[in-house]
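# Report on the structure
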Amino acid sequence: MNYENILVATHGKVGVITLNRPKALNALSDGLFDDVGLALDGFEADESIGCIVITGSDKAFAAGADISGMKDYGYMDAYKANFITKNWDRVARCRKPLIAAVAGFALGGGCELAMMCDMIFAADNAKFGQPEVKLGILPGAGGTQRLPRAMGKSKAMDMCLTARMIDAVEAERCGLVARIMPAETLLADTLVVAAGIAEYSLPVLMMIKESVNRAYESSLQEGLLFERRSFHAAFATNDRREGMTAFIEKRKPGFTNS
Ligand code: CAA
């Protein structure tokens, strides 16, 4: 399949989506998200894929929503087209583990896209920001909601109200980023981690992801109950039996995703 705005590849059990609008620093258009959605559909339908990586270029993961595309929008255009909701949200609905490998700018919708993924690996040249206030708008793809959950209210306010960019070190320190990697090896290093994840039982990975995400969407008691029920459900899988048997027999498990 040929995509206009992204490149798609597989590396063993890992699917890789590379945002590819270099002339506009990977500015995020509706067309780009249609492409990302189709690629995710393909990877999610493919039983052999156990983890997905979204990345950009060395210079930009994504510099935000495409400003030239939305500069003439009125309220009714945005509302009637269900701008952002109709296709951007697809990323947050992905059920397989999803890593954002971020080098260079991750601004506005770019930062928000990274936060829709399960974890962010940042190159040492990464810069995160929510500069929408400079354009007379506010973050519209989850920035005001996911940032405070990741880093607390004060830091989130600092980013959204001042438009200040933070570097990879600050982003890791405040919990936005899981790991920092050298820019030159970001994708290779991310692929090693993703390949490791993809070796585990896919249904169990999906249960873990669902359960961690519950922490964001429910009270602690609700979340704990959800986790406990998923934990119990894992005992219905063949992979649970295989994982524990392999440990006791001191051998590598052979998971069958069942
Ligand atoms: N939309 C459209 N085009 C963009 C863009 C964007 N978000 N960001 C960069 N570009 C384009 C530039 O217009 C420029 O195109 P031309 O060469 O045709 O002029 C090209 O990409 C390169 O950009 P610069 O020359 O500006 O590169 P730079 O290195 O000097 O600066 C930058 C880099 C600091 C990222 C700067 O481009 C910038 O500030 N971009 C806008 C960032 C922004 O405001 N993002 C938020 C968008 S709104 C949003 O995302 C809402 C939401 O919540 C969903």
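Residues numbered from 1 in each chain as written. Predicted model: local features only at pLDDT ≥ 70, side-chain atom pairs only at ≥ 80, totals over all residues. Heavy atoms only, no water.

Turning our eyes to something else, we now look at the site of the ligand. Lining the immediate environment of the ligand, one finds 25 residues, of which Ala65, Gly109, Glu112, Glu132 and Gly140 sit closest. Within the side chain of Lys59, one N or O atom sits 3.1 Å away from an oxygen atom of the ligand. For the ligand, an oxygen atom lies 2.7 Å from a polar atom in the side chain of Glu112. Burial of the ligand by the protein chains amounts to 62% of its free accessible area of 990 Å². For the shell around the ligand, the secondary-structure elements that each account for two or more residues are helix H2 (67–70), strand S6 (105–107) and helix H4 (109–116). Looking at the shell around the ligand residue by residue, the class counts come to 16 nonpolar, four polar and five charged. (Near = heavy atom within 4 Å. Polar contact = N/O pair within 3.5 Å; in protein donor to acceptor, adjacent residues only side chain to side chain. Areas by Shrake-Rupley, 256 points an atom, 1.4 Å probe, with all protein chains shown as cover. Helix = DSSP H or I, 4+ residues; strand = E, 2+ residues; numbered from the N terminus. Nonpolar A, V, L, I, M, F, W, Y, C, P; charged D, E, K, R; others polar.)

Another point: the sheet that holds strand S4 (residues 60–62). Taking strand neighbours across the sheet as the criterion, the four strands line up as S4-S6-S8-S9 in an open arrangement whose pairing is mixed. This sheet does not close on itself; its edge strands, each paired only once, are S4 and strand S9 (166–167). Examined bridge by bridge, strand S8 (residues 127–129) and S9 share two bridges and lie antiparallel to one another. Counterpart to Lys127 in the pairing with S9 is Asp167. (Pairing = 2+ DSSP bridges.)

Counting 48 residues, the largest nonpolar core has Val91 and Phe128 as its most contacted members. For this core, the leading source of residues is helix H1 (residues 30–45), giving six residues. (Core = buried A, V, L, I, M, F, W, Y, C linked by side-chain atoms within 4.5 Å. Buried < 20%, exposed > 50% of the residue type's maximum accessible area, 1.4 Å probe, protein only.)

Our next topic: the packing of helix H9 (residues 202–217) against helix H10 (residues 220–234). Contact geometry of H9 with H10 gives a least axis separation of 9 Å together with a crossing angle of 170°. In this view, H9 runs roughly antiparallel relative to H10, as classed from their interaxial angle. Between H9 and H10, the residues in contact are Met207, Glu210, Ser211 and Arg214 and Phe226, Glu227, Ser230, Ala233 and Ala234, respectively. Its residues assigned to classes, the contact of H9 with H10 shows four nonpolar, two polar and three charged. (Axes fitted to C-alpha atoms, helices over the stretch in contact; angles between N-to-C directions. Parallel < 35°, antiparallel > 145°, perpendicular 65-115°, else oblique. Contact = heavy atoms within 4.5 Å.)

Attention shifts here to the pattern of salt bridges. The tally for this structure, following the rule as stated, stands at 13 salt bridges. Asp118 is the partner of Lys209 in a salt bridge, and the nearest nitrogen-oxygen pair spans 2.9 Å. Of this pair, Lys209 sits in helix H9 while Asp118 is found in the loop between H4 and strand S7 (119–123), placing the two residues 91 residues apart along the sequence. Since its relative accessible area comes to 33%, Asp118 is described here as partly exposed. Of the charged contacts, one joins Glu242 and Arg251 as a salt bridge, the two residues approaching to 2.8 Å between their closest N and O atoms. A residue is classified by how much of its surface remains accessible, and Arg251, at 36% relative accessible area, is partly exposed. What emerges from the salt-bridge pattern is a single network uniting Lys155, Asp158, Arg164 and Glu170. (Salt bridge = Lys/Arg side-chain N within 4 Å of Asp/Glu carboxyl O.)

Next up on the list: the side chain of Asn26. Within the fold, Asn26 resides in the loop between strand S2 (14–19) and H1. Among the polar contacts made by the side chain of Asn26, one reaches the main-chain amide nitrogen of Arg21 at a distance of 2.7 Å. Here Asn26 is in contact with Leu19, Asn20, Arg21, Gly56, Ser57, Ala60, Phe61, Ala62, Ala63 and Gly64, once residues within four sequence places are set aside.

Sheet architecture is open: six strands sit in the order S1-S2-S3-S5-S7-S10, paired in mixed fashion. Edge positions in the sheet fall to strand S1 (6–11) and strand S10 (179–181), since each has one partner strand and no second. The average undirected angle you get between the axes of adjacent strands in this sheet is 20°. Alignment of strand S5 (residues 98–102) against S7, held across four bridges, turns out to be parallel. Residue pairing in the sheet places Ile99 in a bridge with Met119 of S7.

Next up on the list: the pairing of S7. Counting buried residues along S7, four of its five residues qualify, which places the element largely inside the surrounding structure. As judged from the three bridges shared by S7 and S10, these two strands associate in the parallel manner. Each bridged residue has a counterpart across the sheet, and for Phe121 the counterpart in S10 is Arg179.

What follows deals with a nonpolar patch on the surface. Taken together, the side chains of Ile67, Leu135 and Ile137 define a hydrophobic patch exposed on the protein surface, amounting to about 260 Å² of accessible area. Along the chain, Ile137 turns up in the loop between S8 and helix H5 (143–151). Note on Ile137: relative accessible area 39%, which makes it partly exposed. (Patch = residues over 30% accessible without salt bridge, like charges linked within 9 Å, V, L, I, M, F, W, Y side chains within 5 Å.)

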